[in-house]
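Per-entry structural report
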Amino acid sequence: MTGVQTCALPICQVSAVPTDTIAPAVPQNLTSSSGDGFVDLSWNPNSETDLFYYTVYRSITDGFTPVPSDSIGITIRPDTSYRDSGVVNEMTYYYRVSAVDSFYNSSQYSVQTSALPVDTIAPAVPRDLSVSAGQESINLSWYANTESDLLGYVIYRSLTDG
């Protein structure tokens with residue numbers, strides 16, 4: 001509580017403003033799901049009436065304790081989800097969330113969750129395949145695919161039609 005006291009003897013007047021120093025509860029049931037280039041997070045809503053927002057933290061270190069530079073965003077109450085689209089596929093990320101009330105009291109950090117975003121989109125079928133016969137060889141050619149994450153092509157050979 002903060003206050004002001006003024007006195008003019010024999011009477012003193014005191015006024016006070018209550019100050020909230022109680023942090024919100026820790027966000028519960030943080031879960032993650034991932035896809036191609038993103039991680040979706042969700043958690044249960046806190047019940048505090050003065051809850052303001054949630055802070056989302058990310059690290060590439062398992063068991064991390066968040067520092068301010070680990071913060072990747074906030075969600076304003078009543079939202080309890082966050083999409084992280086600043087990730088690289090095939091890399092594991094670790095997340096924690098804290099709750100902040102209207103007096104800027106911050107909760108402890110949630111239990112950690114992790115996610116591994118993966119590329120789920122297959123490359124396009126190669127276009128304009130052409131075949132030419134050589135002496136004791138067959139030459140194949142096609143237009144190169146434009147996918148930036150294309151690793152290569154697999155060529156199959158069969159002695160039967162189809």
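Attention in this report is confined to the structure presented alongside it. (Residues numbered from 1 in each chain as written. Predicted model: local features only at pLDDT ≥ 70, side-chain atom pairs only at ≥ 80, totals over all residues. Heavy atoms only, no water.)

Notes on unusual backbone geometry
Trans peptide bonds make up most of the peptide bonds, and negative phi angles are found at most residues other than glycine. As a reminder, the rule being used: In DSSP terms, a helix is any run of H or I states spanning at least four residues, a strand is any run of E spanning at least two, and both are numbered starting from the N terminus. Three exposure classes are used, based on accessible area relative to the maximum for each residue type with a 1.4 Å probe and protein chains only: buried under 20%, partly exposed in between, and exposed over 50%.
Here the bond from Arg77 into Pro78 is cis, since omega is 15°, no more than 30 degrees from zero. Here Pro78 shows up in the loop between β6 (71-76) and β7 (81-84). In this structure, Glu90 takes a positive phi of about 70° despite not being glycine. Topologically, Glu90 is positioned in the loop between β7 and β8 (93-101). Given a relative accessible area of 56%, Glu90 falls into the exposed group. Despite not being glycine, Asp128 has its phi angle at roughly 55°, a positive value.

Some details on the nonpolar core
Stated precisely, the cut-off is as follows: We call a set of buried residues a nonpolar core when its members are Ala, Val, Leu, Ile, Met, Phe, Trp, Tyr or Cys and they connect through side-chain atoms within 4.5 Å of each other. Whether two residues touch is decided by their heavy atoms; if any such pair falls within 4.5 Å, the residues are in contact.
Leu41, Trp43, Val56 and Tyr95 are the most contacted members of the largest nonpolar core, which totals 14 residues. No other element matches the four residues that β8 contributes to this core. Here Trp43 is in contact with Pro27, Gln28, Asn29, Leu30, Tyr54, Val56, Thr75, Asp79, Thr80, Ser81, Tyr82 and Val97, once residues within four sequence places are set aside.

A short note on the pattern of salt bridges
Note the threshold: By salt bridge we mean one thing: a side-chain nitrogen of Lys or Arg within 4 Å of a carboxyl oxygen of Asp or Glu.
The tally for this structure, following the rule as stated, stands at two salt bridges. Put simply, Arg83 and Asp40 hold a salt bridge, and the shortest N to O gap is 2.7 Å. Highlighted residues: Arg83 in strand β7 and Asp40 in strand β4 (residues 38-42), separated in sequence by 43 residues. The partly exposed category is assigned to Asp40, whose relative accessible area is 23%. Between Asp84 and Arg58 there is a salt bridge, with its nearest N and O atoms 2.7 Å apart. With a gap of 26 residues between them, Asp84 in strand β7 and Arg58 in strand β5 (residues 51-59) connect regions that are remote in the sequence. Among the residues examined, Asp84 registers a relative accessible area of 3% and is labelled buried.

In short, shape yes, function no, at least from these values alone.
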